Structure formats: structure tokens, C-alpha cells
Amino acid sequence: MTLPMSDPTAWATAMNNLGMAPLGIAGQPILPDFDPALGMMTGIPPITPMMPGLGIVPPPIPPDMPVVKEIIHCKSCTLFPPNPNLPPPATRERPPGCKTVFVGGLPENGTEQIIVEVFEQCGEIIAIRKSKKNFCHIRFAEEYMVDKALYLSGYRIRLGSSTDKKDTGRLHVDFAQARDDLYEWECKQRMLAREERHRRRMEEERLRPPSPPPVVHYSDHECSIVAEKLKDDSKFSEAVQTLLTWIERGEVNRRSANNFYSMIQSANSHVRRLVNEKATHEKDMEEAKEKFKQALSGILIQFEQIVAVYHSASKQKAWDHFTKAQRKNISVWCKQAEEIRNIHNDELMGIRREEEMEMSDDEIEETTETKETEESGLVSQAEALKEENDSLRWQLDAYRNEVELLKQEQGKAHREDDPNKEQQVKLLQQALQGMQQHLLKVQEEYKRKEAELEKLKDDKLQVEKMLENLKEKESCASRLCASSQESDYPLEKTMNSSPIKSEREALLVGIISTFLHVHPFGASIEYICSYLHRLDNKICTSDVECLMSRLQHTFKQEMTGVGASLEKRWKFCGFEGLKLT
């Protein structure tokens, strides 16, 4: 049995629901080895793979064995399997949520009872819609029952033992589209989507942080509680948040302005405390920095002592008494200690550089720094004047509110003859006049400071332009000096271009030449360096090899040996190189 490849996924799902092995593209068998007509006796229904509740798991069959459909016997009819050599019947694409099948090729004398008898083995039938043209639509209770019904496609049906043409037919079972199936499938999908949305919402609510507690509305009682909390350092942040919410809500009016002003004044009293706390923290940080610097310097001193021990052990009088493994360990330890010492030393120098960053020897830079300090001082003074101006305005508003409240109380009480209140009003008016005069003075001083600040900014721009001009002149002078030096000393370049750059390298060349002259067949670079290490243990192998490769007329490298014994050897070729040069 082969598979139409219109929808292989649906076919594989159907075969899994039937408990059958899935069919591959190459046409492997899909049905296990079973006998659907076992135990056919009178009054006993046949055992078929489509019977509900049959949970027999057949043993696995080899893939090469052909699958043969068996004859299915029913009470009123008999189903004969199709020719196994014929291709499988074609099916349309499976609709979503399909529970309805189309059954064609029914006998003309077939009744609804016979259809129920044949297809009831596939599962519970909900409805049958039979037509007069030898076909019908069957709707099952579950989707997997449709896959069992498709198994009967291609069977030849015969009613009883009659061979009349009206009593025979070839069944064709296919998927059918039905509105009820689509509606149920859509309802199921919507239900799954609702469940998924609910699950996501519950997950988001679980991960969402808890909401802050609501702020109470303003009242005289709550105002007194918040005023007490503002005086307590531990409850200050909570009380300030409540005060901010009240002000943003618009709870401030003429009657409550005095209460709010007193609360704002209490909040302002905490500024000095916060500044003192910051100063103490900065002092602690400076002390911690100083302790860290002292500890780091002590560690560096100990590292220097350890490195000195390694260097003294590497000297000739002590080095000869150590074994080869001990020398290797000492050199490795010395290298590691030097690396760690250099890292700590760079860190300490970075700390000192940061401390001395603000120091400068240039007079122009000093003048600019003084200008900047003056400018920053003026900016701070201007900001302080702004704050003072705002506070004076708030005080004026508060006094005005008090005057208006007193006037309202006078109008209500009708006591114009009271001399005490008249005196209070006069005093308040005098205070208002004094505050207004002070405010005008502050505004004039603020304008004067702003003018000085603009003047300082202009001076700063002029100084920066002078600095740029001086830097350009210095760069031009340095270029002229460099060009004159290059023209006066052309011989220095020729001297520096020589392969031997220092007296130490010249000594190394002489010692290596003498060593290789004694070894006429050459020596490896490791052998040469082991000899040089007896003279100076700081000589590096890579430096020696680089020096020898630069002197091509003095030393040459040859390959000796065969296969695994292949080796690079250096030879002295100075006598031949003298003729070439």
C-alpha cells in the first residue's frame, strides 16, 4: 500500500491514530500484520482493527513484507479487499477538524442500516446523510474515526450472497467539508487561544512587581502626621513622597498654604544633614583610598624582595649547584613574580597619576584654571541667588495669603475697631514692603553677576584661541628642527641601518662565531643558547636566532638528518662570506 503525497502529515497522523506504522515516501508498508476476520462465527462480530477498544499491539514486521487487506464479514454484507497491486485511492486535502467523510460507490440496494453496520466499526456515528445517487456523508464523534473509515476505501461491497449488479459496489471514502466540523474546530481554537492568553496574563501578573500603597488625601489630621514624620530621619523619604503627591494633586489653597509652607520648611531643614552625610562618606572614601595605597606599596616592597631573592639565586655561584628541574622552576617563579610586580606597580602609578592630574607647570593653563574656578564660583553664586529669589517669592506669597485671611476674618467678625488687628495688618504691610525691596536688590545683583559671567566666558574664548596659536607655532618649530637634524646628520641613519645595533650584539656574534668554529658540522640553536646561558642567563633564544638570521654572510642554517631525525643546524660561514662581501 502506497501513500498519496498531497498531505503526508495528515496521513501519518491518521496511521498513528490507527496504531499503524507510518508510511514513508518510498512506499513502505503502513499496516502491521493482523487478521481482521479472526473468529468469524455465527452471532459473533468480527474482530477488525477498526473496532473501538481493541488495544492489541502487534509485533513489529520487517519492511519488505507486503501488506494484504483481508475480507471483512458483516451480518448483511461482505467487504472484499482491493487488488494490492493497484495504486491507493486518491484523497483530497484534509479540512481542519474534519469529522465527516464522503462515501461513494454504494450499491443501489444499499440501505442506511447497511451503511451503519459497515461504518459503525470505525466509531460512534452522529449523523448520516444519504443520497439517491449511491453516495452518502457520515459524521463521526471524533476525528481519529475518520482515519479508520478511510481504511475501507477501495473495498468491494456485496450484499448477502447476491451477485446482482444492484447489490454490489466499490467503496470510495474521502474527506468531506462540513460547516459543523469547521465551527467546532474554530470554537476549539478560540478556547485554546483564550486559555493561552489567560495563562500569559497570569504569568505576567505573577512577575509584575507589587503596586505601591495609595497616598491618603489631604486633611488636617494627615497633615499633622506628615509634619511629624518629616522631622524623623527614618521616615523622611515616605513623608516627602506624600507631600509631593499632595502638591501635585493641587491640595494647596489659601487656607492650607501655611501648613504646606511649614512642611516645605521642615523638608529644607534636612539639606544640611544630607550635606554632612555626603562629607562623612567622602572622608571615609579618602581614608579607604589612602589605606589601599599604603597596603599596595607594602605589597610592592615584598614583591621586590622576592624578585631580588630570585635574581641572587640566578647568579653563577649559586646557580651551578641547582639541578636542571630546580633551575627551571626558579626561572618560572621569577618571571611570574616580575609580571605580578609590574601589574601592581602600574596600578599604584595610576593612582598617583590621578591624584596629580590637576597639577600643571604651564602658566597659561594655570590662568585658565583660575578663570574656570572664578567662573564656577560665579555660577554657584548665581544659583544661590536664584534659590534665594525663589524663597523670597514664596515668603511673599505666604504673607499675602496671611493678609487675605486676616481681611476675611475681619469682614466676618465686623470688628473694624479692634486696634490689635490693625496693628497686625500694618506690620504685615511693612514686612511686605521690606521683602519687595530686598527682592529688587537681589534681582539687580543677579543681573550684575550674569554680566560678569558672560564677560568671563568671552575672556576664556580669547585665551583658548591664544593657546591654539601657540601650539601651532610650536609644531612648526619642531618640524623645522627635525628637518635640519635630518639634513645635518645623514650618516646616523646609515650607521643605524647596520645589522649589529649594539656592543652587546657584537660580543654575542664573536662568542657564537668562536663556538661554531669549534663545531665545524654545525650546532642547533638550543645547543648554542645553552652555552650562552652559562655566560648570561638573561639571553633569549629568539633574540639570538634573529641576530644570526640578520648576519647571512657570517652564519647559515642547514637541514641535517632524514625523516624523524631531521634537524636544523647553524654553521659558521665567515671565511666564505668575506669573499662575497
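Residues numbered from 1 in each chain as written. Predicted model: local features only at pLDDT ≥ 70, side-chain atom pairs only at ≥ 80, totals over all residues. Heavy atoms only, no water.

The name given to the protein chain in an unreviewed UniProt entry is Ecto-NOX disulfide-thiol exchanger 2, and the organism recorded there is Castor canadensis. Per UniProt, the comment on the protein chain under Cofactor (unreviewed entry) is "Cu cation". (UniProt positions renumbered as here; feature names shortened; annotations may be inferred.)

*Asks:* Got a minute to help me understand the environment of Asp147 in this structure?
*Replies:* Along the chain, Asp147 falls in helix 3 (residues 144–150). Note on Asp147: relative accessible area 2%, which makes it buried. Sequence separation between Asp147 and Val101 is 46 residues; the distance between their C-alpha atoms is 9.4 Å. One polar contact links Asp147 to Arg94, side chain to side chain, over a distance of 2.6 Å. (Helix = DSSP H or I, 4+ residues; strand = E, 2+ residues; numbered from the N terminus. Buried < 20%, exposed > 50% of the residue type's maximum accessible area, 1.4 Å probe, protein only. Polar contact = N/O pair within 3.5 Å; in protein donor to acceptor, adjacent residues only side chain to side chain.)

*Asks:* Would you mind showing me how to read the packing of helix 5 (residues 220–231) against helix 7 (residues 257–268) here?
*Replies:* Across the interface, helix 5 lies against helix 7 with an axial gap of 9 Å and an inter-helix angle of 15 degrees. Looking at the two axes, helix 5 sits roughly parallel to helix 7. Crossing hand, helix 5 versus helix 7: left-handed. On helix 7, the residues that touch Asp220, Cys223, Val226, Ala227 and Leu230 of helix 5 are Asn259, Met263 and Ser266. Grouping the constituent residues of the contact of helix 5 with helix 7 by class yields five nonpolar, two polar and one charged. (Axes fitted to C-alpha atoms, helices over the stretch in contact; angles between N-to-C directions. Parallel < 35°, antiparallel > 145°, perpendicular 65-115°, else oblique. Left-handed = near helix turned anticlockwise from the far one by under 90°. Contact = heavy atoms within 4.5 Å. Nonpolar A, V, L, I, M, F, W, Y, C, P; charged D, E, K, R; others polar.)

*Asks:* Just checking my understanding: could you explain the sheet that holds strand 1 (residues 72–73) for this structure?
*Replies:* Through backbone hydrogen bonds, the strands of a sheet pair up, either in parallel or in antiparallel fashion. With antiparallel pairing, four strands are arranged side by side in an open sheet as 1-2-6-7. Only two strands of the sheet have a single neighbouring strand rather than two, namely strand 1 and strand 7 (168–170). (Pairing = 2+ DSSP bridges.)

*Asks:* Any chance you could explain the packing of aromatic side chains here in plain terms?
*Replies:* Two descriptors summarise a pair of aromatic rings, namely the distance from one centre to the other and the angle between the planes of the rings. Tallied over the full model, the rule gives eight aromatic pairs. Between Phe102 and Phe135, the ring centres sit 5.5 Å apart and the planes meet at 40 degrees, which makes this aromatic pair tilted. Of this pair, Phe102 sits in strand 3 (residues 100–104) while Phe135 sits in strand 5 (residues 135–140); the two residues are 33 residues apart in sequence, bridging distant segments of the chain. Connected via pairs of aromatic rings, a cluster forms that spans Tyr218, Trp246 and Phe260. Just above the ring of Tyr151 sits the side chain of Lys69; from NZ or CZ to the centre is 4.7 Å. (Phe/Tyr/Trp six-rings, centres within 6.5 Å; stacked < 30°, edge-to-face > 60°. Lys NZ or Arg CZ within 6 Å of the ring centre and 35° of its normal.)

*Asks:* I keep staring at the sheet that holds strand 3 and nothing clicks. Help me out?
*Replies:* Reading across the sheet, the four strands line up as 4-5-3-8 and stay open at both edges, with antiparallel pairing between neighbours. Two strands lie at the open edges of the sheet, namely strand 4 (125–130) and strand 8 (172–175), each paired on one side alone. Looking at each pair of strands side by side, their axes are set apart by 20 degrees on average, direction ignored. With five bridges connecting them, strand 4 and strand 5 associate as antiparallel partners. Note that in strand 5 the partner of Ile125 across the bridge is Phe140. Along the sheet, helix 2 (residues 112–119) makes contact with strand 3, strand 4, strand 5 and strand 8, crossing strand 4 at roughly 140 degrees.

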